[in-house]
Every structure is written in C-alpha cells, then in structure tokens.
Amino acid sequence: MKIFKSIKWRLQIWYGLILLGVLVALEITAYQLERNELFDRVDSELQRRFSPIADALRPHHPGFGHPPFDHPPQDQMPGDFPPPNDSPPGEFHLPPQAAALFSSDDPKKFYFRIFRDGNDIASSTNAPSPPTRTTIITEPGHLNRPPNLGPTTQTLEPPRRETTHILPSGEIIIIGCSITSEMDQLKTTTMVLTVAGVIILFFGLAGGWWISSRAIRPVENISATAVKISAGDLSQRINTAETESELGQLAAVLNSTFTRLEAAFAQQKQFASDAAHELRTPVSVILTQTQTALNRERNAGEYKQTVEACQRAAQRMRRLITALLELARLDAGQEQMKRLRFDFSKTVGDCVELIRPLADDRGVKVSTELSQIEIEGDSERLGLVVTNLLNNAVQYNHDGGEVKVRTKLENGMAVLAVSDTGQGIPAEDLPRVFERFYRADKSRSSGNAGLGLAISKALVAAHGGSIDVVSEENVGTTFTVRLPATA
Amino acid sequence: MRILIVEDEPDLLSSLAQALREEGYAVDTANDGEDGFYKAENYEYDAVVLDVMLPKMDGWEVLVRLRKIKKTPVLMLTARDQSRDRVRGLDGGADDYVVKPFDLPEVFARLRALIRRSANKTSNVIEIGDVKIDTAARNVSRAGKLMDLTPREYALVQFLALHRGEVVTRTQLYEHLFDENDDTFSNLLDVHVSNVRKKLGTDFIATRRGHGYCIE
C-alpha cells in the first residue's frame, strides 16, 4: 500500500501507536487508582459495620474467653443484647444503634447475613434474597480452616461489595452493600478519561502530523523540484533557504549536480544545433543545384557543373562528419592514444613541409627553429594538431606574411609555438576560439566548420598537455602547445 | 523584376541566381555583406535575398543599415531555425525568411508574395481589360487565350501592371528588368515594348512622350 511507503505516514502511524499505548496505560492506571480508592472507602465502611455484629454475637457464645477484636465499639453496652445463644435465627437481634447502620433508607443499602453451621441464622432486610455464598461458605473445608483467617472481600453482581468474616466460633458473617453509585462514578470516570484520551490523542496526532510535515517538507521540496527537472525543466533549483538541516546539505549537493547537468545539456544541445547548422549549408547547395538543374533540359557542361558543386558540398559534409566523429570519440574517451616515444620536432618539421606548398601559394614565408625533444604519444594525432595550427597560421595570414615555428624544452615540457603575422583575433573572440563551431569571422566561405581548434585542444588534452593562444589584432597570433617531455 | 542575392557560399549563390534568372528575374549577386549593402543601397531592387552569416558585414547589419534608407522587401536566408532568430529577423525589418536547407519552389513563392505585397496587391491575378496576368504561373492570357511572351516581355508587362496608372520611366524599367550584366545603353526596351503591343494590343501600353510608359 502506498500509505505504508510514505515516510510521513509511517512516522505518523508509529507515533500514533506509541501515543495510544502510553495513553491507554496511563488511563488504566488512573482508573485502577480511582477504583481502589472508592472500594477502600466502601471496604472501611463495611469493616466499621462488622464489629457491632460480632459483638452482638460474642457474649452469648460459650468458649469465647477473649475478645476477637482489638477495638470493640465503645458505644455499645453488652447488656443491651438479647440472649441469642442456641436460639433460632429469628431470635438474633442487633442493638438499635447497630441496626441503624443497616437502615433501608441508606442509599448504599448495607446488609448483613449470618451463618452458623451452614444455616442462615440472621440477615438484614436489605440482604439480597438468594443467600449467595451459602454453598461455598458452609463447605466443611471452609469451616475447618484456622479461625484467624482474615476477611475476604469481593465484588459481585448486581453491583455490590461483600466482606466475608469467619469467626473462630464458626459463625460466618457476610456484610455487604450496593456499590451502584461507585460504579456510576467509575463509569463517569471512564467516560471522562476516554474523552480526555481521545482529545489528547487527536491533538497529539495533529501535532505529530505538523512536526512530521515540517520535517518532511524539505524532502517534498526536493522531490517536487526533481520531478520538474525530470519533466525537462533543468533550470529548476531546490530552495535551500529553509533546509538548513542534514537535508540542506543534500539539497546543496543536488543543486550543484543539477547545475552541472544543465550546463552539460545546454552544451550538448548547442553542439547538436551547431552540427545541424553546419550541415544546412551544404545540403542547401545540393538541393538548389539539383532542383535548378532538373528544372529543364541542360547540356552536358551544365550538368557537369551541377555534379561538381554537389561533390564539393558532399566533401564538405564528409569533413564535418569526420570532425564530429573525432570529437565524439575524444569526448567518450574511447580513443586509444598510442604511447610511443618519438621526436616531436621531427613531426613538426614534417608538417611544415606538408604545408609549405599552400604557404608558397599565398607568398607566406615559413621559418623554423626546432630542437630535438622526445615525447611519448601518438605522433599521427599530434601531427594533426600541428598541421591544423600551421594551416590556420597560413590561411589567416596576410599575403606575403610570415609564420614562425619553434620547438624547445622548457621545465620538462615540450613547447611548440606557431606565430603568424596575420590579422589577429579580436580580444572578445580570444577566449572562445577553442569552442566548438566558433569562428571569429562568422562566414563559412572557408569551408571550415570551426572544429579544428576544438579537436586540437581535445587531442593535446588527451596527451596530458595544454594549448593556449595570444593574439594582437593586425599584428599576429601565437598558438602555444605544451606536452610532457620524456626524461 | 530585379533581385539582389547576397550569399557567401559560391555554389549556392550561383545556383540560386541561375534558378531565379530562369524564372524571369533580373538577378544581381553579392558574396559579402559590404558588397551586398552597397548594391542594395545604390540600385532599385524589387526584392533582396539576404543570407545571415556573411563575411565583412553580417546579414543583420546589412538589414539594419538598409532599413534606414530603403523599404526594399528583404527575404532572409537563415541556417538557424530557432524562433528567436526568426523574431530577430522579422523585428529587424526582414519581410520574410526561409530556413536552410530550403526548396526552390518555396523561395520562388515567397519572393512572388513579397513583390506582390510591396505593390499592395493581394491576388496573384491582375486583370486589365481582357488581358489577364497570372503572377504565380507567370503567364499572360488575352480573351482567355494564353499569349506566348518571352520572360523579358512578361517581366515588362508585370512591372507595368503592378504599377498600373503610374507613369514608369525608362530608367525605372531598365533598373528593374535588366541586371548588372546587361547592356543598358541598348534600345532593347523599345523592342520589348513593341513586341508586347503586337501581342496584347497597341493600346495596352501607352507612351508618355518624354516621361515613359504606362498601363491605364
């Protein structure tokens, strides 16, 4: 059931059960105390009525050399009692003072009954008609018990309290009274206790609910935010202002996770959008070229032009896709870099020779200053980085400009610096040149997607190195690559 | 109708220009923002097709500068199809936009709509007496019979029809019917007017001596 999976409900149920248990125990105790007190009072009343009866029996009984009770009532005269010895039950008489104690007007309806040798020898007018305890009390076993047996008291139905005294002489005196009023009082007490208990339980549960709600609120807060985030709104954050507890720390950790998630998502989205954007232009070329060509009959030369334009567009898309795949592999960290020792300067020299025809076309002079540095890594991939830097240096140079390529060992790092005398990169673009698809010149006529430097950076990073750039507009740009050299 | 295309991708520019010329437009081209703005500023175009990502001056900048001096309808070509880019273009004064990669028929239709709107026409069909000009199908019929007009002749008829009741000068006609590669010092225009009169009736185009031509 869902309710038992909710922490709040479980807390509430446990709390409610404990509260109920405590209340029930307390109320039972209170009830017992009240009951005991009431019955004690009744019992002492009953006890008070025993002595006059016992006294009325004693003087006429033979073999009674000493008084059975410590406190014979002071207000009774022995001479007032009629001689009941061996007389029938009707002949036993209580003195009037004692008889007053068993008046029918008394709301408690005190009564007595006296048995001798199993015979009901006397009883008060209030005594309940069936001689209830005769059978038990007149059993021989009872009678043979030691005479100093104390009185036994019990509660009977209809509500009354009875004390049974067995005198040493064999008489059994039962003194009782109605306890209807006591029972009524106990009923009232029970009711009051129940109502009070229910009220306390109610307020207790309400308070418990409030406390558990407050305790759980940060969790609900976190969960509500998480739901919104999972629904796609990554800008949501947990309000940590009111969660200062242990949950506050959790919220802070979650918030920073959400922030990084959002950034990663935004980056991913931007990357996908940029990639799609880069594909739009070549696809546009192919579409317009083919739609135009197919619009009417063309001669072979026109068709050839169309096919050539489509080929250029397709090659551009291929370059883009290759670059994207390279980046994706680098991102996923799947790319296995070779770890071979090689002379970095030799790789740089080879790349310079590769780029020289292009530089010559633009009248750009390439000068080198190389010193042998052994590094460990993938010479082919690092060659790609060098070629890319050289290509940029030539492409963004002025006609007849200069490109300087230097390698040196510096603090255990192999350092490659490629400087050009080109147009430079505006200061506001400088921090972004390594971003994917970023191009300072905003046009795409060069056919470059703006991924070259991003890939270079990722490749250098995969070798544990770094790449940075310094540029001054209309003076030139220097890219510096640092790679760990082998000792 | 004369159109300027500003686009830096040469293969896209050439095929667009060719396709529009085959549609009967006079087409000028520019491959960067500065050149595009210079031409848009100095010639009377019926519409400008403007790419957003351009070297030297981007499409937004060309648009902003052009809007300060001219009302020429502008169709933006954008590679970004996010609504904020479209909003930016439309708010910046573009009349319409097409997202790359586009279909040529759509570009043609949007250009026709732009030109029609700038001439305050809502329908593709212009009727003048018994002559009916369908600007979507680019044909002219007279008394229900389809007339065979060359693209240049059709352009002449359409331009005069869109400016019905106005006197159109020879300079205006040269500006709108011939592109930068045509020799504007020839008497080609007179030849076209004479041919149209032969096909649609001598009274169809009236000559205002010393001013120009007019369709009543």
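These numbers come from a predicted model, not from an experiment.

1. With respect to the overall build of chain A
A tally of regular secondary structure across chain A gives 10 helices and 12 strands. In chain A, the proportion of contacts linking residues at least 24 apart, taken out of those at least 6 apart, comes to 62%.

2. Notes on the overall build of chain B
In terms of helices and strands, chain B carries 8 helices and 12 strands. Looking at the 216 residues of chain B, the share that counts as buried comes to 41%. In chain B, once contacts between residues fewer than 6 apart in sequence are set aside, the share between residues at least 24 apart is 56%.

3. Section: helix H5 (residues 104-118) of chain B
Compared with the 21 Å implied by 1.5 Å per residue over 15 residues, the 21 Å span of H5 of chain B between its first and last C-alpha is a close match. Inspection of H5 of chain B places Leu104, Val107, Leu111, Ala113, Leu114 and Ile115 of chain B among the buried residues, and these make up the whole buried set. Among the structural elements, helix H6 (246-294) of chain A together with strand S1 (2-6), helix H1 (10-22), strand S3 (47-51), strand S4 (74-78) and strand S5 (96-99) of chain B are those in contact with the buried residues of H5 of chain B. Directly after H5 of chain B, the chain includes asparagine 120 of chain B, whose backbone phi takes a positive value near 60°.

4. What to know about the packing of helix H1 (residues 7-57) of chain A against helix H5 (residues 180-230) of chain A
All names here are of chain A. It is at 9 Å that the axes of H1 and H5 come closest, and there the two elements cross at 160°. Taken together, H1 and H5 sit at an angle that is classed as roughly antiparallel. Of the two elements, H1 crosses H5, and the hand of that crossing is right-handed. The residue inventory of the contact of H1 with H5, partitioned by class, reads 17 nonpolar, 10 polar and 5 charged.

5. Quick word on the sheet that holds S3 of chain B
Residue and element names in this part refer to chain B. The sheet built from 5 strands is open, its strands ordered S2-S1-S3-S4-S5 with parallel pairing. The outermost strands of the open sheet, each flanked by one partner alone, are strand S2 (26-30) and S5. Each strand of the sheet is rotated relative to its neighbour by a mean of 20°, with strand direction disregarded. As paired strands, S3 and S4 are joined by 4 bridges and run parallel to one another.

6. Some remarks on the sheet that holds strand S5 (residues 172-178) of chain A
Residue and element names in this part refer to chain A. Strands sit in the order S2-S1-S5-S4-S3 across an open sheet of 5 strands; the sheet is antiparallel. Strands with a single pairing partner mark the edges of an open sheet, and in this sheet they are strand S2 (119-123) and strand S3 (152-156). Across the sheet, the mean angle from the axis of one strand to that of its neighbour is 20°, orientation sign disregarded. As judged from the 4 bridges shared by strand S1 (residues 111-116) and S2, these two strands associate in the antiparallel manner. Residue pairing across strands places phenylalanine 115 opposite aspartate 120, the latter belonging to S2. In the packing of H1 onto the sheet, the strands contacted are S1, S3, strand S4 (160-166) and S5, and the crossing angle to S5 comes to about 140°.

7. A word on helix H7 (residues 300-332) of chain A
An ideal rise of 1.5 Å per residue puts 48 Å on 33 residues; H7 of chain A measures up with 47 Å between its terminal C-alpha atoms. Here H7 of chain A has its buried residues at Thr306, Ala309, Ala313, Arg316, Leu320 and Ala323 of chain A. Its buried side turned inward, H7 of chain A meets H6 and helix H10 (452-462) of chain A together with H1 of chain B. Looking one or two places after H7 of chain A, you find glycine 333 of chain A, whose phi comes out positive at around 70°.

8. Considering the nonpolar core
Counting 67 residues, the largest nonpolar core has Ile3, Val49 and Leu50 of chain B as its most contacted members. With 7 residues, the single largest contributor to this core is helix H6 (residues 151-162) of chain B. Not counting the four nearest positions on each side in its chain, isoleucine 3 of chain B is found in contact with Leu20, Tyr25, Val27, Tyr45, Asp46, Ala47, Val49 and Leu111 of chain B. The next biggest cluster of nonpolar side chains, apart from the first, holds 38 residues, and it includes Ile355, Ile375, Val433 and Leu459 of chain A.

9. Focus: the interface of chain A and chain B
Between chain A and chain B, the contact holds 20 residues from the first and 20 residues from the second. Only H6 and H7 of chain A provide two or more residues apiece to the side of chain A that touches chain B. With 11 residues, H6 of chain A is the largest single contributor of residues to the side of chain A that touches chain B. A per-class count over the side of chain A that touches chain B returns 5 nonpolar, 10 polar and 5 charged.

10. Structural notes on the packing of H6 of chain A against H1 of chain B
With their axes 9 Å apart at the nearest point, H6 of chain A and H1 of chain B run at an angle of 30° to one another. With respect to H1 of chain B, the element H6 of chain A is oriented roughly parallel. Considering the relative orientation of H6 of chain A and H1 of chain B, their crossing is left-handed. Mapping the contact onto sequence places Thr281, Ser284, Val285, Thr288, Gln289 and Thr292 of chain A in H6 of chain A and Asp11, Leu12, Ser15, Leu16, Gln18 and Ala19 of chain B in H1 of chain B. Its residues assigned to classes, the contact of H6 of chain A with H1 of chain B shows 4 nonpolar, 7 polar and 1 charged.

11. Structural notes on the pairing of S5 of chain A
Residues and elements named next belong to chain A. Counting buried positions over the 7 residues of S5 gives 7, a clear majority of the element. Alternating residues of S5 divide into Ile172, Ile174, Gly176 and Ser178 and Ile173, Ile175 and Cys177, and every residue in both groups is buried. In terms of strand pairing, S1 meets S5 through 5 bridges, oriented antiparallel. Among the inter-strand pairings, arginine 113 is bridged to a residue of S5, identified as isoleucine 174. Two elements, S4 and S5, share 7 bridges in a ladder whose sense is antiparallel. Across the sheet, threonine 164 pairs through a bridge with isoleucine 174, a residue of S5. Here S4 folds back onto S5, and the loop between the two strands holds 5 residues, one of which, glycine 170, carries a positive phi near 105°.

Conventions and cut-offs
Residues numbered from 1 in each chain as written. Chains lettered and ligands numbered in written order. Predicted model: local features only at pLDDT ≥ 70, side-chain atom pairs only at ≥ 80, totals over all residues. Helix = DSSP H or I, 4+ residues; strand = E, 2+ residues; numbered from the N terminus. Contact = placed C-beta atoms within 7 Å. Buried ≥ 20, exposed ≤ 12 C-beta atoms within 10 Å, placed from the backbone. Expected span 1.5 Å × (residues − 1). Axes fitted to C-alpha atoms, helices over the stretch in contact; angles between N-to-C directions. Parallel < 35°, antiparallel > 145°, perpendicular 65-115°, else oblique. Left-handed = near helix turned anticlockwise from the far one by under 90°. Nonpolar A, V, L, I, M, F, W, Y, C, P; charged D, E, K, R; others polar. Pairing = 2+ DSSP bridges. Core = buried A, V, L, I, M, F, W, Y, C linked by C-beta atoms within 7 Å.

Coordinates in, geometry out; function isn't part of it.
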